[in-house]
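An overview of the molecular structure
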Amino acid sequence: MEIVDEAKNIVLIGLMGSGKSAIGRTIAKKLGRRFIDTDRYIERKFGKSVSEIFDESGESKFRTVEKEAIKKVSQYIGIVIATGGGVIKDPENFKSLKESGWIIALYASPATLYKRIQGKRIRPLLLNQEDPIKKLEDIYNERKGMYAMADFQIDTENKEINDIADEIINLLNTDKPIANYDPRI
Ligand code: S3P
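Treat the numbers as computed from the prediction; the structure is a model and nothing was measured. (Residues numbered from 1 in each chain as written. Predicted model: local features only at pLDDT ≥ 70, side-chain atom pairs only at ≥ 80, totals over all residues. Heavy atoms only, no water.)

**Considering helix H3 (residues 50–57)**
- Where H3 is concerned, the buried positions are Val50, Ser51, Ile53 and Phe54. Across the axial projection of H3, the buried residues extend over an arc of 160 degrees, all falling on one side. Those residues of H3 that are exposed and angled more than 90 degrees off the buried face are Asp55 and Glu56.
- Contacts made by the buried residues of H3 are with helix H2 (38–46) and helix H4 (59–73). (Buried < 20%, exposed > 50% of the residue type's maximum accessible area, 1.4 Å probe, protein only. Helix = DSSP H or I, 4+ residues; strand = E, 2+ residues; numbered from the N terminus. Arc of directions from axis to C-beta. Contact = heavy atoms within 4.5 Å.)

**Let's talk about the sheet that holds strand S4 (residues 101–107)**
- Across the sheet, 5 strands lie side by side as S2-S3-S1-S4-S5; this open sheet has parallel pairing. Whereas interior strands pair on both sides, the edge strands pair on one side only; in this sheet they are strand S2 (35–37) and strand S5 (152–155). Across the sheet, the axes of successive neighbouring strands diverge by a mean angle of 20 degrees, strand direction being ignored.
- Bridge analysis of S4 against S5 gives 4 bridges, and the strand direction is parallel. When the bridges of S5 are listed, Leu106 appears paired with Ile154. (Pairing = 2+ DSSP bridges. Axes fitted to C-alpha atoms, helices over the stretch in contact; angles between N-to-C directions.)

**As for the site of the ligand**
- Around the ligand there are 15 residues in total, and Lys20, Asp39, Arg63, Arg123 and Arg143 lie nearest to it.
- A distance of 3.4 Å separates an oxygen atom of the ligand from a polar backbone atom of Gly86.
- If the ligand stood free it would expose 390 Å²; the protein chains cover 98% of that surface.
- For the shell around the ligand, the elements supplying multiple residues, two or more each, are H3 and H4.
- Among the residues forming the shell around the ligand, the class breakdown is 6 nonpolar, 3 polar and 6 charged. (Near = heavy atom within 4 Å. Polar contact = N/O pair within 3.5 Å; in protein donor to acceptor, adjacent residues only side chain to side chain. Areas by Shrake-Rupley, 256 points an atom, 1.4 Å probe, with all protein chains shown as cover. Nonpolar A, V, L, I, M, F, W, Y, C, P; charged D, E, K, R; others polar.)

**Focus: the nonpolar core**
- Membership of the largest hydrophobic core comes to 34 residues, with the highest contact counts inside it found for Ile13, Ile88, Phe94, Leu97, Ile103 and Tyr147.
- Counting residues per element, the ones that place at least two in this core are strand S1 (9–14), H2, H3, H4, helix H5 (91–100), S4, helix H6 (110–117) and helix H7 (132–147).
- Sort the elements by how many residues they give to this core and H4 lands first, with 5 residues. (Core = buried A, V, L, I, M, F, W, Y, C linked by side-chain atoms within 4.5 Å.)

**Details of the confidence of the model for the protein**
- When the pLDDT values of the protein are averaged, the result is 92; 91% of them are 70 or greater.
- Low pLDDT, under 50, characterises residues 177–185; the predicted model gives this stretch 19 contacts beyond four residues in sequence or across chains. (pLDDT = per-residue confidence, 0-100.)

Structure, rendered in structure tokens:
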């Protein structure tokens, strides 16, 4: 399969559990592109898991490392990038990613997000939360303005990964974006 602009990266953003990694990997496979997951990239560089970095050095250290990772991966051409859910908190990250290609925001309800990440790898922001679904909702409310600045908004609720990947590829084939880009910086 091919899409219109071979040079542009395809960047997935959205809350934890929105499917960035699984959908990104599927899109990459279908298009024969390289796939990078920024959290895994950071873990390889650091030799520690994201939750260990949060635990030992704090969130702000993680955000610094994350920003360096975004600068690096934004320099690649024609790849698929799955980001960590908080990447867009820094407008400069958004700008670097935007300059590298299309930004696709993935959505699902907080209850669905939680169901998807339960029992999977530790999400430090949800650790020790009495009501993790409410916490996801709060995080969403903090970030929704940034997610809304993506070129495309995709609802993943009750959809299969393969179908969502096809939906995104078709969008990139047919649309003449950019509808709502606004870097606000
Ligand atoms: C975070 C999401 C995580 C990871 C870190 C912080 C966030 O990535 O980067 O725990 O701030 O939303 P996923 O979105 O892949 O879970």
